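Read off the chains here:
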4 protein chains.
Amino acid sequence: MNDFDMKARVYIEDTDAGGIVYYANYLRFMERARTEFFRRLGYLKPALFNGFQFVVRDVSVRYLKPAFLDDELSISVALIGVSRFAFEMSQEIHRFDERLVIGFVKSVCVEEKNKRLTKMPNKLFELLQSHTIQ
Amino acid sequence: MNDFDMKARVYIEDTDAGGIVYYANYLRFMERARTEFFRRLGYLKPALFNGFQFVVRDVSVRYLKPAFLDDELSISVALIGVSRFAFEMSQEIHRFDERLVIGFVKSVCVEEKNKRLTKMPNKLFELLQSHTIQ
Amino acid sequence: MNDFDMKARVYIEDTDAGGIVYYANYLRFMERARTEFFRRLGYLKPALFNGFQFVVRDVSVRYLKPAFLDDELSISVALIGVSRFAFEMSQEIHRFDERLVIGFVKSVCVEEKNKRLTKMPNKLFELLQSHTIQ
Amino acid sequence: MNDFDMKARVYIEDTDAGGIVYYANYLRFMERARTEFFRRLGYLKPALFNGFQFVVRDVSVRYLKPAFLDDELSISVALIGVSRFAFEMSQEIHRFDERLVIGFVKSVCVEEKNKRLTKMPNKLFELLQSHTIQ
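Regarding the overall build of chain A
Next, step 1: Along the backbone of chain A there are two helices and five strands.
Next, step 2: Over its C-alpha trace chain A gives a radius of gyration of 15 Å, about what one expects of a compact globule, namely 14 Å for 134 residues.
Next, step 3: Once the C-alpha set of chain A is aligned to its principal axes, its extents read approximately 45 × 30 × 25 Å.
Next, step 4: Looking at the 134 residues of chain A, the share that counts as buried comes to 60%.
Next, step 5: The long-range fraction of contacts in chain A, counting pairs at least 24 apart against all pairs at least 6 apart in sequence, stands at 66%.
Next, step 6: Each charge class in chain A was averaged separately, 20 positive and 18 negative side chains, and the resulting centres sit 7 Å apart.

Focus on the interface of chain C and chain B
Next, step 1: Taken together, the contact between chain C and chain B spans 27 residues of the former and 27 residues of the latter.
Next, step 2: A combined buried area of about 2300 Å² lies between chain C and chain B, and 54% of that area is made up of carbon and sulfur atoms.
Next, step 3: Of all residues in chain C, Y23, Y63 and K115 of chain C bury the most surface against chain B, accounting for 24% of the area lost on that side.
Next, step 4: Applying the counting criterion to the chain C and chain B interface returns two salt bridges.
Next, step 5: Salt-bridge contacts for R62 of chain C lead to D58 of chain B; the nearest nitrogen and oxygen are separated by 2.9 Å.
Next, step 6: On inspection of chain C and its partner chain B, the count reaches 14 residue pairs in polar contact (both at pLDDT 80 or more).
Next, step 7: Sorting elements by how many residues they give to the side of chain C that touches chain B places strand 2 (residues 52-63) of chain C first, with ten residues.
Next, step 8: The residue makeup of the side of chain C that touches chain B, split by class, is 16 nonpolar, four polar and seven charged.
Next, step 9: Two strands pair when backbone bridges link them, and strand 2 (residues 52-63) of chain B and strand 2 of chain C are joined in this way by five bridges, in the antiparallel orientation. Paired with D58 of chain B across the bridge in strand 2 of chain C is R62 of chain C.

Some words on the packing of aromatic side chains
For any pair of aromatic rings, the description rests on two quantities: the centre-to-centre distance and the angle between the ring planes.
Next, step 1: For the structure on display, the rule yields 40 aromatic pairs over all chains.
Next, step 2: Their ring planes at 90° and their centres at 5.3 Å tell us that Y22 of chain B and Y23 of chain B sit as a pair that is edge-to-face. In this pair, the class of Y22 of chain B matches that of Y23 of chain B, namely buried.
Next, step 3: Put simply, the rings of F4, F37, F38, Y43, F52, F54 and F87 of chain A pair up and form one aromatic cluster.

With respect to the relation of the copies chain C and chain B
Next, step 1: Between the two copies, chain C and chain B, the superposition gives an RMSD of 0.0 Å; the rotation angle is 180° and the shift along the axis is 0.0 Å. The operation mapping one copy onto its partner corresponds to a two-fold rotation axis. By C-alpha distance to the rotation axis, the residue of chain C lying nearest is S60 of chain C, at 2.0 Å.
Next, step 2: In this assembly, 100% of the residues forming the interface of chain C have copies in chain B that are likewise at the interface, indicating an isologous arrangement.

What about the pattern of salt bridges?
Next, step 1: Inspection of every chain in the model, using the stated rule, returns 40 salt bridges over all chains.
Next, step 2: Two residues, R34 of chain B and E31 of chain B, come together in a salt bridge whose shortest N-O distance is 3.9 Å. Here R34 of chain B pairs with E31 of chain B, and both are found in helix 1 (residues 25-40), just three residues apart, close to one helical turn. Comparing R34 of chain B with E31 of chain B shows no difference in burial state: the two are buried.
Next, step 3: Taken together, the shared-partner salt bridges in this structure form one network comprising K65, D71, R95 and E98 of chain A.

Comments concerning the confidence of the model for chain A
Residues and elements named next belong to chain A.
Next, step 1: Taken as a whole, chain A shows an average pLDDT of 93; of its residues, 96% reach a score of 70 or greater.
Next, step 2: Taken element by element, chain A is modelled with least confidence in helix 2 (residues 122-130), mean pLDDT 94, and with most confidence in strand 4 (residues 86-95), mean pLDDT 98.
Next, step 3: On the interface metric, ipTM, the complex scores 0.94, and its pTM is 0.96.

Looking at the interface of chain D and chain A
Next, step 1: Contact residues are listed per partner, giving 27 residues for chain D and 26 residues for chain A.
Next, step 2: Summing both partners gives a buried area of about 2300 Å² for chain D against chain A, and 54% of it is carried by carbon and sulfur.
Next, step 3: Sorting the residues of chain D by area buried against chain A places Y23, Y63 and K115 of chain D first, and these three jointly supply 24% of that buried surface.
Next, step 4: Counting every contact that joins chain D to chain A gives two salt bridges.
Next, step 5: The interface formed by chain D and chain A holds 14 residue pairs in polar contact (both at pLDDT 80 or more) in total.
Next, step 6: Of all elements in the fold, only helix 1 (25-40) and strand 2 (52-63) of chain D reach the threshold of two or more residues within the side of chain D that touches chain A.
Next, step 7: When residues of the side of chain D that touches chain A are assigned to their parent elements, the largest contribution, ten residues, is made by strand 2 of chain D.

Procedures and definitions
- Residues numbered from 1 in each chain as written.
- Chains lettered and ligands numbered in written order.
- Predicted model: local features only at pLDDT ≥ 70, side-chain atom pairs only at ≥ 80, totals over all residues.
- Heavy atoms only, no water.
- Helix = DSSP H or I, 4+ residues; strand = E, 2+ residues; numbered from the N terminus.
- Rg over C-alpha atoms; globule rule 2.2 N^0.38 Å.
- Buried < 20%, exposed > 50% of the residue type's maximum accessible area, 1.4 Å probe, protein only.
- Contact = heavy atoms within 4.5 Å.
- Lys, Arg positive; Asp, Glu negative; His and termini not counted.
- Charge placed at Lys NZ, Arg CZ, Asp CG, Glu CD.
- Buried area = accessible area lost by both parts, 1.4 Å probe.
- Salt bridge = Lys/Arg side-chain N within 4 Å of Asp/Glu carboxyl O.
- Polar contact = N/O pair within 3.5 Å; in protein donor to acceptor, adjacent residues only side chain to side chain.
- Nonpolar A, V, L, I, M, F, W, Y, C, P; charged D, E, K, R; others polar.
- Pairing = 2+ DSSP bridges.
- Phe/Tyr/Trp six-rings, centres within 6.5 Å; stacked < 30°, edge-to-face > 60°.
- Least-squares fit on C-alpha atoms with pLDDT ≥ 70 in both.
- pLDDT = per-residue confidence, 0-100.

Quick look at the structure:
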């Protein structure tokens, strides 16, 4: 799982009048890849769990080169840290061998109802720990 | 209330690489105007009511002319029909005196939990009836 | 080509606070499928051609049942009419054997620069004609 | 200009099935505010200039508290640095006196055609310099 990535096509919905992918939409591609990462781990409904959910606490993104209409992108996910309350991922977006975007995303576990910080289940914590890159 | 409309600016998020507003995004502008129409009627949380919600059943849109980046749009709402279970609205999008888009939207009332058809509250039905264009 | 369809996953970006796919976002799925239909026909840059582009003139959509987070959707495209200036498609969105959405989309050919109506190239017209459902 | 901000309503298009504003959509609100900041400075077509444009190079966002449907948000912009090739802004999103989001955005000036780094016009550089917070 250290080299998880997914492919995604750039459709016209993703672009803007500057002729490139709109800067906020790279975060959509990044979330799709994180979701597929969890699905690969066996969580088939990974966006909203039972009673709790993960919400993004911190994002930082560096845009190196723009992506264009019809590009085929590859979005990677690497788990670089996990605690009982949070995990951190490093992500990149490539167009073949060109690196377009680098990002770091920290997500925290909150209760579904009131969005307060809560511990993730032990089983999930241990699973994430076992997939963290050293 | 027969002449309700709202203003909205076209930002770069609304456009696509063709240099115009992306066709699905006009439906966002139309929904914003419907929401503000309900807010004007006194419903301050108009997208999701208490236990029920309205979901769109039918949309038809004719795109006459494109909207461009930085345009100031005016989006109108006219209630043209209402029953216990549904209402129908006619909407237009203008850029000053140019008509860009014409649309019809039929929304039905469903239970929040299971999304099944349900009657809207009497008070709301009568209010909508009183604002329907003859 | 009479039975073209593509698969798409519902991610959290596609949903709204009502817990279902936001009504405008089905039009995104529909456009992705139209784009892949053209790609299948050999047009690898199908959203913006050389000097001309297709813009949607008319859309009508009937929402039969909502799609939910994590659903796997199948979006079909059938070409039902073509002229020198326009083509019309019938589209459906299914979740396995449940039909969720029916739509009709008419697109017209315009010059890229001034967005005025123009004839599509002969070669494309004949190709589309040969893939029109009788 | 040191205290520029704009108001924006949260519509259902901005939310997701978790019941909160989707994390990428805060970047849309932030861009709207940056655009209005430039409009206030006299640039009426601020997203795409004549021959050049600004593209985001770096974004970092901390999400402190979620925004919900129907919230009225206030999005601030403060120019904190400018060079011939780039500017940096600090932005915050508030719901009345609650701070929900903090962000930093660095944008660089590129040629419209090939997206290569280029100097911004002197007049714009000096204007931005005069509005930079010391």
